[in-house]
Amino acid sequence: MKMKEKKKSLDGIEAVIFDLDGTLVDSMWTWYKIDVDFLGQFGATVPDDLQDALEGMSFTETAVYFKQRFSFLPYSVEQLKEIWNQMAYDVYANEVPLKPGILEYLKYLKEQGIKTGVATSNSRELVTVTLKNLGVYDYFDSIRTACEVEKGKPAPDIYLLVAEDLQVNPEKCMIFEDVPAGILAGKNAGMTAYAIADESSKHLEEEKRKLADYYIEDYYELLPGLKN
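Residues numbered from 1 in each chain as written. Predicted model: local features only at pLDDT ≥ 70, side-chain atom pairs only at ≥ 80, totals over all residues. Heavy atoms only, no water.

**Considerations on the overall build of the chain**
Reasoning step 1: Within the chain, the regular secondary structure consists of 9 helices and 6 strands.
Reasoning step 2: Against the 2.2 N^0.38 benchmark of 17 Å for 228 residues, the chain shows a C-alpha radius of gyration of 17 Å, consistent with a compact globule.
Reasoning step 3: Restricting the contact set of the chain to residue pairs at least 6 apart, pairs at least 24 apart contribute 66%.
Reasoning step 4: Per element, the accessible surface of the chain, about 10,700 Å² overall, is 48% carbon and sulfur.
Reasoning step 5: Between the averaged position of the 25 positive side-chain charges in the chain and that of its 39 negative side-chain charges there is a distance of 4 Å. (Helix = DSSP H or I, 4+ residues; strand = E, 2+ residues; numbered from the N terminus. Rg over C-alpha atoms; globule rule 2.2 N^0.38 Å. Contact = heavy atoms within 4.5 Å. Areas by Shrake-Rupley, 256 points an atom, 1.4 Å probe, with all protein chains shown as cover. Lys, Arg positive; Asp, Glu negative; His and termini not counted. Charge placed at Lys NZ, Arg CZ, Asp CG, Glu CD.)

What follows is the structure, encoded as structure tokens:
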């Protein structure tokens, strides 16, 4: 398969919108550990297909899915979300790092007058504590979660909402994602889509390359005059 050329130009782009997990921050490993610990309390193991099944779902949609699939769970959807937030909070606040080159890229976008946003399937609590702890919260002009729209990824709702916040037409927006459902959400919104490498989705790399307009290993590739 021919690799797509890496685009470095922001010509015609007025806004750049990022997913959070696996895209802005290296955090996907957190959720597998949480699933193991959480289901283990009930003597259950994590099904092999669970992560792929949850791909793109909002926090609320994930809780609904757990209720349907794991009928032994004694919690409501809201209780599940609260439990997961508590389990993940310390890790997101103290252990989750930025993806390589993202801080420099955010600074570059601001210098170029490009608006920025976050469109995440994670919870409001976790995205806020993570970005604030890492010192990048104020770089973003809009931060939205998929729980604020009707449908999670791959539906375009979350990306269209952020574009509306930024007052930028979708065709002048560029998005960054690490999984196929997210890439499709951006494409379905009519936006230019970049796929970024992430260890948790390495097995999906070929699909990501096919779906996205461009594929990068890290953000250093998009910075003029810089090399990783």
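After presenting the structure, the write-up continues.
**Overview of unusual backbone geometry**
Reasoning step 1: At the junction of Lys153 and Pro154, the peptide bond is cis and its omega measures out at 15° in the coordinates.
Reasoning step 2: The phi dihedral of Gln167 is positive, around 60°, even though this residue is not glycine.
Reasoning step 3: We classify Gln167 as exposed; its relative accessible area is 70%. (Buried < 20%, exposed > 50% of the residue type's maximum accessible area, 1.4 Å probe, protein only.)

**Some remarks on the sheet that holds strand S6 (residues 214-216)**
Within a beta sheet, neighbouring strands are joined by backbone hydrogen bonds and run either parallel or antiparallel to one another.
Reasoning step 1: Sheet architecture is open: 6 strands sit in the order S3-S2-S1-S4-S5-S6, paired in parallel fashion. Strands at the two margins of the open sheet, each flanked by one partner only, are strand S3 (142-145) and S6. Averaged over all adjacent pairs, the angle separating strand axes in this sheet is 20°, with direction ignored.
Reasoning step 2: The pairing of strand S2 (residues 115-120) with S3 spans 4 bridges and is classified as parallel. Its bridge partner lying in S3, Ala119 is registered against Arg144.
Reasoning step 3: In the packing of helix H7 (residues 157-166) onto the sheet, the strands contacted are strand S1 (15-18), S2, S3 and strand S4 (173-177), and the crossing angle to S2 comes to about 150°. (Pairing = 2+ DSSP bridges. Axes fitted to C-alpha atoms, helices over the stretch in contact; angles between N-to-C directions.)

**Looking at the packing of helix H3 (residues 59-69) against helix H4 (residues 77-94)**
Reasoning step 1: In the contact formed by H3 and H4, the axes pass within 9 Å of each other and the chain directions differ by 115°. Compared by their axis directions, H3 and H4 come out roughly perpendicular. Crossing angle aside, the handedness with which H3 passes H4 is right-handed. Contact with H3, carried on its side by Phe59, Thr60, Thr62, Ala63, Val64, Phe66 and Lys67, involves Val77, Leu80, Lys81, Trp84 and Asn85 of H4 and no other residues of that element.
Reasoning step 2: For the contact of H3 with H4, a count of residues per class yields 7 nonpolar, 3 polar and 2 charged. (Parallel < 35°, antiparallel > 145°, perpendicular 65-115°, else oblique. Left-handed = near helix turned anticlockwise from the far one by under 90°. Nonpolar A, V, L, I, M, F, W, Y, C, P; charged D, E, K, R; others polar.)

**A few points about the packing of H4 against helix H6 (residues 124-133)**
Reasoning step 1: Remark: H4 packs on H6, axes separated minimally by 8 Å, with the N-to-C direction vectors making an angle of 15°. On the basis of their axis angle, the class for H4 and H6 is roughly parallel. As H4 runs across H6, the sense of the crossing is right-handed. Residues Asn85, Ala88, Tyr89, Tyr92, Ala93 and Asn94 of H4 touch H6, and the partners they reach there are Glu125, Leu126, Val129, Thr130 and Asn133.

**Quick look at the nonpolar core**
Taken as a class, soluble globular proteins show a tendency for nonpolar side chains to be buried jointly.
Reasoning step 1: Judged by nonpolar contacts, the single largest core of 50 residues is most densely connected at Phe18, Phe66, Trp84, Tyr105 and Phe176.
Reasoning step 2: Here this core gets 7 residues from one element, more than from any other, and that element is H4.
Reasoning step 3: The residues touching Tyr105, leaving out its near neighbours within four places in the chain, are Leu10, Phe18, Met174, Phe176, Tyr219, Leu222 and Leu223.
Reasoning step 4: Counting 22 residues, the second largest nonpolar core, distinct from the first, contains Ala163, Ile175, Ile183 and Tyr215. (Core = buried A, V, L, I, M, F, W, Y, C linked by side-chain atoms within 4.5 Å.)

These results come straight from atomic positions and should not be treated as a statement about function.
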